[in-house]
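These are the residues of each chain, in order.
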Amino acid sequence: MKHILFIATGGTIASKKTENGLTPQIKPEEMLSYIPSVSDYCEITAIQPFNLDSTNVTPENWKAIVQIIKQNYFDFDGFVIAHGTDTMAYTAAALSYMVQNSSRPIVITGSQKPINLDVTDARTNLLDSFIYASANDSQGVQIVFDGKVIAGTRAKKVRSKSYNAFSSIDFPSLAVIQDRRIMRYISMLPYKDPVRFYENMNDNVFLLKLLPGIKPDLLSFIFDRYDAIIVESFGVGGIPVSIRDAFFALCKENPEKLIIMATQVAHEGSDMTVYEVGNTIKKMCNILESYDMTPEAVCAKAMWILANSTSADFYRPINYDTIWPNEN
Ligand code: ASP
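Residues numbered from 1 in each chain as written. Predicted model: local features only at pLDDT ≥ 70, side-chain atom pairs only at ≥ 80, totals over all residues. Heavy atoms only, no water.

Undergrad: I tried to follow helix α7 (residues 276-284) on my own but got confused; where do I start?
TA: Among all positions in α7, only Gly278, Thr280, Ile281, Lys282 and Met284 are buried. Where α7 is buried, its residues contact α6 (241-253) and β18 (287-289). (Buried < 20%, exposed > 50% of the residue type's maximum accessible area, 1.4 Å probe, protein only. Helix = DSSP H or I, 4+ residues; strand = E, 2+ residues; numbered from the N terminus. Contact = heavy atoms within 4.5 Å.)

Next comes the structure, spelled out in structure tokens:
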């Protein structure tokens with residue numbers, strides 16, 4: 001029988017009511033007591049490295065999870081992580097970059113309702129996660145939620161209350177789980193390379209969400225303070241004229257910074273070549289694009305890049321002395 005390590009980290013799934021609202025309090029053993037049939041699928045060892053509302057999860061917590069997986073990797077057949085839904089997509093993306101080529105499945109789950117309620121999605125999500133983590137063909141990092149299996153880099157929380165809280169963005173769900181049966185949509189090829197752990201992330205990353213008429217006042221502080229700046233732009237991506245000159249000047253002054261254009265639009269991603277507002281700045285600055293990656297995955301990947309590479313790896317020489325094409 002498969003042996004799964006259950007890493008309980010908090011979230012609604014582990015929460016109880018207090019006079020100030022829900023807060024994680026339930027121990028992993030109590031959570032498992034609500035899904036007794038899990039013993040048909042696997043043996044479980046449980047630990048609880050922290051018990052947080054995922055609003056309070058930080059890259060340090062991701063590191064703690066990775067260290068637990070690394071230390072226990074060859075003693076278990078798979079890993080199930082219970083986690084709050086609010087930042088689950090960030091954690092799933094981060095773990096995807098921090099634990100690569102994992103032939104042992106790493107499954108992240110949670111719920112919209114606490115596991116101790118009579119009407120809850122928690123028990124199904126948790127049981128499905130152990131079923132998926134115990135199945136022979138499972139591997140890599142994914143979220144199991146509301147019967148869907150979503151690649152760790154593709155998940156987005158799209159509903160704040162309903163059970164179908166997560167979508168897979170611009171990529172099919174890997175599988176669905178119904179009545180305890182897994183139906184795989186994508187068959188995964190075994191990893192050729194051995195598992196690789198990256199324990200460090202550099203969280204000196206700023207996510208700059210644009211809004212119409214945005215003012216340039218804070219830009220120089222952001223460029224000064226952060227090593228990577230992700231611009232969450234409109235549509236396929238561009239820099240509005242209200243901040244354009246300041247943004248360009250700061251890119252020119254800080255060629256070693258990692259600047260990435262992402263989009264506020266959930267589906268279909270960026271393409272800065274389409275409009276003049278994007279095309280010109282892309283030609284004139286050292287700026288990467290997120291394309292169809294989610295902002296959650298872009299943030300996690302930027303933290304991973306900063307911690308595990310040098311600016312030479314993403315630096316593209318630019319002649320910043322050119323002038324705006326429409327202003328000569
Ligand atoms: N605030 C909770 C959390 O992210 C929400 C949830 O788990 O659904 O921890």
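Next comes the rest of the write-up.
Undergrad: Explanation requested: the nonpolar core in the structure shown.
TA: Among soluble globular proteins, nonpolar side chains are generally buried collectively. In this structure, Ile69 and Phe166 are the most contacted members of the largest nonpolar core, which totals 49 residues. A total of nine residues in this core trace back to one element, the largest contributor, which is helix α8 (residues 295-308). In this structure Phe166 touches Thr85, Met88, Ala89, Ile143, Phe145, Lys148, Ile150, Ala155, Lys156, Lys157 and Val158, once residues within four positions along its chain are discounted. (Core = buried A, V, L, I, M, F, W, Y, C linked by side-chain atoms within 4.5 Å.)

Undergrad: Which parts of the structure should I look at to understand the site of the ligand?
TA: Close contacts around the ligand come from Gly11, Thr12, Asp53, Ser54, Gly84, Thr85, Asp86, Ser111 and Gln112, and that covers them all. In this structure, Thr12 approaches the ligand through a main-chain N or O atom, which is 2.9 Å from an oxygen atom. Within the side chain of Asp86, a nitrogen or oxygen atom sits 2.7 Å from a nitrogen atom of the ligand. Considering the ligand on its own, with 270 Å² of exposed area, one finds that the protein chains cover 89% of that surface. Classifying every residue of the shell around the ligand gives no nonpolar, seven polar and two charged. (Near = heavy atom within 4 Å. Polar contact = N/O pair within 3.5 Å; in protein donor to acceptor, adjacent residues only side chain to side chain. Areas by Shrake-Rupley, 256 points an atom, 1.4 Å probe, with all protein chains shown as cover. Nonpolar A, V, L, I, M, F, W, Y, C, P; charged D, E, K, R; others polar.)

Undergrad: Teacher, can you tell me more about the packing of helix α3 (residues 88-98) against α8 here?
TA: Each packed pair of helices is defined by two parameters, the angle between the axes and the distance between the axes. Across the interface, α3 lies against α8 with an axial gap of 8 Å and an inter-helix angle of 40 degrees. In terms of their interaxial angle, α3 and α8 are classed as oblique. Considering only the axes of α3 and α8, their crossing is right-handed. Residues Ala89, Tyr90, Ala93, Ala94, Tyr97 and Met98 of α3 form the contact with α8, whose own contacting residues are Glu296, Ala297, Cys299, Ala300, Lys301 and Trp304. For the contact of α3 with α8, the class distribution of residues is 10 nonpolar, no polar and two charged. (Axes fitted to C-alpha atoms, helices over the stretch in contact; angles between N-to-C directions. Parallel < 35°, antiparallel > 145°, perpendicular 65-115°, else oblique. Left-handed = near helix turned anticlockwise from the far one by under 90°.)

Undergrad: What's the story with the pairing of strand β5 (residues 78-82) in this structure? I'm lost.
TA: Regular strands place their side chains on alternate faces of the sheet. Burial runs high along β5: five of the five residues are buried. Here β5 shows two buried faces, one formed by Gly78, Val80 and Ala82 and the other by Phe79 and Ile81. Inspection of the sheet shows strand β1 (residues 2-8) paired to β5 by five bridges, in the parallel sense. Within the sheet, the bridge partner assigned to Phe6 lies in β5 and is Val80. Bridge count between β5 and strand β7 (residues 106-109): four bridges; the pairing is parallel. If you follow Val80 over to β7, its bridge partner there is Val107. (Pairing = 2+ DSSP bridges.)

Undergrad: Could you clarify how one ought to interpret the sheet that holds β1 in this entry?
TA: Think of a sheet as strands paired side by side through backbone hydrogen bonds, with each pair either parallel or antiparallel. As summarised here, the arrangement of the eight strands in space is β4-β1-β5-β7-β8-β9-β12-β13, forming an open sheet in which the pairing is mixed. Whereas interior strands pair on both sides, the edge strands pair on one side only; in this sheet they are β4 (42-47) and β13 (181-184). Shown here is a sheet whose adjacent strand axes are inclined to one another by a mean of 25 degrees, direction ignored.

Undergrad: Where do I start with the pairing of strand β17 (residues 258-263) in this structure?
TA: The buried count for β17 comes to six of six residues, which makes it a mostly enclosed element. Across the two faces of β17 the burial is the same, with Leu258, Ile260 and Ala262 and Ile259, Met261 and Thr263 all buried. As paired strands, strand β16 (residues 228-233) and β17 are joined by six bridges and run parallel to one another. Along β17, the bridge assignment pairs Ala228 with Leu258. Since β16 and β17 lie parallel, the crossover through α6 that links them has a hand, and here it is right-handed. Bridge count between β17 and β18: three bridges; the pairing is parallel. Within β18, the residue paired with Met261 across the bridge is Glu289. You can see the chain leave β17, run along α7 and come back into β18, and the turn it takes is right-handed. (Right-handed = clockwise from strand over helix to strand, strands pointing away.)

Undergrad: How do you make sense of the pattern of salt bridges when you look at a structure like this?
TA: When the charged atoms of two side chains lie near each other, side chains of opposite charge can form a pair. Using the criterion set out here, one finds eight salt bridges in the structure. Close ionic contact of Glu30 with Lys16 constitutes a salt bridge, the shortest N to O distance being 3.8 Å. Of this pair, Glu30 sits in helix α1 (residues 28-33) while Lys16 sits in strand β2 (residues 15-16), placing them 14 residues apart in sequence. Between Asp292 and Arg154 there is a salt bridge; the shortest N-O distance is 3.4 Å. Separated by 138 residues along the polypeptide, Asp292 in the loop between β18 and α8 and Arg154 in the loop between β9 (148-151) and β10 (155-157) bring together distant segments of the chain. Look at Arg154 and you get buried, because its relative accessible area is 15%. (Salt bridge = Lys/Arg side-chain N within 4 Å of Asp/Glu carboxyl O.)

Undergrad: It is not clear to me how the sheet that holds β17 should be interpreted in this structure. Could you clarify?
TA: The four strands lie next to each other as β15-β16-β17-β18, forming an open sheet whose pairing is parallel. Strands at the two margins of the open sheet, each flanked by one partner only, are β15 (205-209) and β18. Geometrically, the sheet is characterised by an average inter-axis angle of 25 degrees between neighbouring strands, direction not taken into account.

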